[in-house]
Amino acid sequence: MLPVIFFIYFAVAMTALSILIITRKNPVHSVLWMLAMFFHIAALYLFLNAEFLAAVQLILYAGAILVLFLFVIMMLNLREELSIERFIDEWPIGVALAVSILLLIYFTLAKFVQGPLGQYSIEAVKSETHTKALGKVLYTDYLFPFEIASLVLLIAIVGAIVLAKKRS
Amino acid sequence: MDFNGFYGFLGCPQNTSLCVQIIIILIKIAVVIAVTMLHVAYATYFERKVIGHMQVRLGPMRVGPHGLLQPIADGVKLFFKEDVIPQAGDKWVFQLAPIIAVFATLSALAVIPIFEGFMIANINVGLLYILAMSSLSAYGIIMAGWSSNSKYAFLGGLRSSAQVISYEIALGLSLVGVMLMSGSLNLYEIVKGQQEYWYGMYLIPQFLGYFIFLVAAFAETNRTPFDLPEAESELVAGYFTEYSGMRFALFFLGEYIAMIVMACVAVICFWGGWTAPPILLKWFPFLAVVPGIVWFFIKVYFHIFLFYWVRATVPRYRYDFLMRLGWKVLIPLALLNIVATSIIKYAF
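Everything numeric in this text was worked out from a predicted model, so none of it was measured. (Residues numbered from 1 in each chain as written. Chains lettered and ligands numbered in written order. Predicted model: local features only at pLDDT ≥ 70, side-chain atom pairs only at ≥ 80, totals over all residues. Heavy atoms only, no water.)

## Considering the overall build of chain A
In terms of regular secondary structure, chain A is built from 8 helices and 0 strands. In chain A, the succession of α and β elements from N to C terminus is α-α-α-α-α-α-α-α. A globule of 168 residues ought to have a C-alpha radius of gyration of about 15 Å, yet chain A, at 21 Å, is considerably larger. Viewed in the frame of its principal axes, chain A has a C-alpha envelope of about 55 × 50 × 30 Å. Residues counted as buried form 23% of the 168 residues belonging to chain A. By sequence separation, contacts in chain A at least 24 residues apart represent 60% of the contacts at least 6 residues apart. Accessible surface, chain A as shown: approximately 12200 Å² in total, 75% of it carbon and sulfur. (Helix = DSSP H or I, 4+ residues; strand = E, 2+ residues; numbered from the N terminus. Rg over C-alpha atoms; globule rule 2.2 N^0.38 Å. Buried < 20%, exposed > 50% of the residue type's maximum accessible area, 1.4 Å probe, protein only. Contact = heavy atoms within 4.5 Å. Areas by Shrake-Rupley, 256 points an atom, 1.4 Å probe, with all protein chains shown as cover.)

What follows is the structure, given as structure tokens:
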């Protein structure tokens, strides 16, 4: 029962926080609500025994990416920003699209069949610790996709440096 | 979804009832917070005395014998001061900022093992948790700077957040060497791992990591020589210029707790935590009666003294030097340390 209550809390809170994020007029407030939502996501990972993901969620998303968001937003002209309408006129189309995707997911989930369990059951992950289990899988079975992902990130880093560097 | 992860997070045996566990945790939290607050109060006194004597002054002398009651007087004064909130600022964010600053640093204390068997939460990703919480402290600073609606506070906040983000990378990377050597992120196991050596520390094999960690810790906690966010001569008091009374005290508290946390991490990761060097115990067996908490506090206070010592000795850095040091010296050095540690660990 207790896990269900917790899950309901997180589900409701995350939905409410998401709505708060997009409806705030002041972008700085949006970012702060987003920080609260990232905490909820991290807690959800924690309940799934994914402690490494929870920590990384906080370090990377809350601690680095969101701070950079805040950094950029603070440079905006807030007075001008506050007078602009929050939503563009076409927002009902967006809502309709979102609802139809939600319905699609809802009907697909009804047909969802759970796949066979792999070697990493909750007990296995717990005895090996989540960090180790994740590292092992990432660097053996999924080494190639992992390397491709890091290469893509490297290209993005190089691209950012090239763009930022002054041409002399 | 199961709840064992949650119990494990609280660090309790799984067969006790939830109610008892929560009470035990609450008592532990109360003890740790009370002890830390007292330490913070006297850390300010200690700082003023140490720096005073280094500059051939006496430091606080008036309140009580040798000024011993000075921290209490300061606390009472801050508590009863008027709480001024700038009218043009963002009221909510302004009030939230100091709370976040204290929360971020105080919550990091939860995973620190103070002596054998005493920590609030024994979690497997303890080191990552501390890094996550210390990265959150940037929010307190940046929010304070922005919501004050003051140029000085804003510049201080921007500077500080850039500094904290930059040095976080070096801080995290400097600890990777320790993670590699102990093969764990659990602080308890990191301390245990150091007992393999006769000197009982990772300090000697990880001297480079320790050096990088110390420099990054000074920058993370905004201490001299990296106290640019609050450079008095250019920014008044930086991000907390507009704060007064209790809210100012919260920022002050946050800074000192952050210092204590960084000292604790240095002690746990590089100095063997609450354990004494095995060789010392072999030569002087009577030292075994000294409880772990004494060793721990001796080591922590050495580091806190180091913070003061550096503050009294080294002048403030220039901002572009600070960034250059972080990105072009410390991060490459930390990466070098990781590569060297991995090679040595693989070879032996």
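## With respect to the interface of chain B and chain A
With 31 residues of chain B at the interface, the matching set in chain A holds 33 residues. Across the chain B to chain A interface the summed buried area is about 2900 Å²; carbon plus sulfur atoms make up 79%. The tally of links between chain B and chain A comes to 2 residue pairs in polar contact (both at pLDDT 80 or more). Among the elements of the structure, α1 (4–10), α4 (91–108), α5 (126–147) and α6 (151–182) of chain B are those that each provide at least two residues to the side of chain B that touches chain A. Looking at the side of chain B that touches chain A, the element that brings in the most residues is α5(B), giving 10 residues. Here the residues of the side of chain B that touches chain A are counted per class, giving 22 nonpolar, 6 polar and 3 charged. (Buried area = accessible area lost by both parts, 1.4 Å probe. Polar contact = N/O pair within 3.5 Å; in protein donor to acceptor, adjacent residues only side chain to side chain. Nonpolar A, V, L, I, M, F, W, Y, C, P; charged D, E, K, R; others polar.)

## What to know about the confidence of the model for chain B
Residue and element names in this part refer to chain B. On average, residues of chain B carry a pLDDT of 82, and 93% of them reach 70 or more. Element-level mean pLDDT values for chain B span from 51 in α1 up to 89 in helix α8 (residues 207–220). Complex prediction metrics read pTM 0.84 and ipTM 0.79. (pLDDT = per-residue confidence, 0-100.)

## Details of the domain arrangement of chain B
All names here are of chain B. Each domain of chain B was delimited in the assignment, giving domain 1 (13–79) and domain 2 (81–347). Here the C-alpha centroids of domain 1 and domain 2 sit 18 Å apart. Facing 19 residues of domain 1, the contacting portion of domain 2 comprises 25 residues. Across the domain 1/domain 2 interface, buried area totals approximately 2200 Å², and carbon plus sulfur atoms make up 80% of it. Counting every contact that joins domain 1 to domain 2 gives 1 salt bridge. A salt bridge links Arg 311 to Glu 47; the nearest nitrogen and oxygen atoms lie 2.6 Å apart. For the interface between domain 1 and domain 2, the tally reads 7 residue pairs in polar contact (both at pLDDT 80 or more). (Domains from an automatic or database assignment. Salt bridge = Lys/Arg side-chain N within 4 Å of Asp/Glu carboxyl O.)

## Things to note about empty space enclosed by the protein
Residue and element names in this part refer to chain B. Evaluated as defined, the whole model comprises 1 cavity of 30 Å³ or more. Counted as a void, the largest cavity has a volume near 240 Å³. Along its surface, the largest cavity is lined by 19 residues, and Thr 105, Ser 137, Glu 220, Gly 254 and Ala 258 are the ones closest to its centre. Where the lining of the largest cavity is concerned, the elements lending two or more residues are α4, α5 and α10 (245–270). A total of 6 residues in the lining of the largest cavity trace back to one element, the largest contributor, which is α10. (1 Å grid on protein atoms, 1.4 Å probe; cavity = no way out; pocket = protein on both sides within 12 Å on 5 of 7 lines; lining within 4 Å. Points joined across faces, edges and corners; volume = space filled by probe spheres on them.)

## A short note on the layout of surface pockets
Put simply, the largest pocket is a space of about 2300 Å³. Forming the walls of the largest pocket are 50 residues, and the residues nearest its centre are Phe52(A), Val56(A), Leu128(B), Leu173(B) and Val176(B). Among the secondary structure elements, those contributing two or more residues to the lining of the largest pocket are α3 (51–75), α7 (130–139) and α8 (143–164) of chain A together with α5, α6 and α13 (319–347) of chain B. Class assignment of the residues belonging to the lining of the largest pocket gives a composition of 32 nonpolar, 13 polar and 5 charged.

## Concerning the domain arrangement of chain A
All names here are of chain A. Domain parsing of chain A yields domain 1 (1–82) and domain 2 (120–168). When each unit is reduced to the centre of its C-alpha atoms, the spacing between domain 1 and domain 2 is 23 Å. Facing 5 residues of domain 1, the contacting portion of domain 2 comprises 7 residues. Interface area, domain 1 with domain 2, both sides summed: about 450 Å², of which 67% is carbon and sulfur.

## Considering the side chain of Gln206(B)
Residue and element names in this part refer to chain B. The topology assignment puts Gln 206 in the loop between α7 (187–193) and α8. A distance of 3.2 Å separates polar atoms of two side chains, one belonging to Gln 206 and the other to Thr 341. Leaving out residues up to four positions away in the same chain, Gln 206 has contacts with Gly 177, Val 178, Met 181, Phe 270, Asn 337 and Thr 341.

## What to know about the packing of α6(B) against α8(B)
All names here are of chain B. At their nearest, the axes of α6 and α8 sit 8 Å apart, and the two run at 155 degrees to each other. Between α6 and α8, the crossing angle belongs to the class labelled roughly antiparallel. Considering the relative orientation of α6 and α8, their crossing is left-handed. Contact residues: Gln 163, Val 164, Tyr 167, Glu 168, Ala 170, Leu 171, Ser 174 and Leu 175 in α6; Gly 209, Ile 212, Phe 213, Ala 216, Ala 217, Ala 219 and Glu 220 in α8. The class makeup of the residues in the contact of α6 with α8 is 10 nonpolar, 3 polar and 2 charged. (Axes fitted to C-alpha atoms, helices over the stretch in contact; angles between N-to-C directions. Parallel < 35°, antiparallel > 145°, perpendicular 65-115°, else oblique. Left-handed = near helix turned anticlockwise from the far one by under 90°.)

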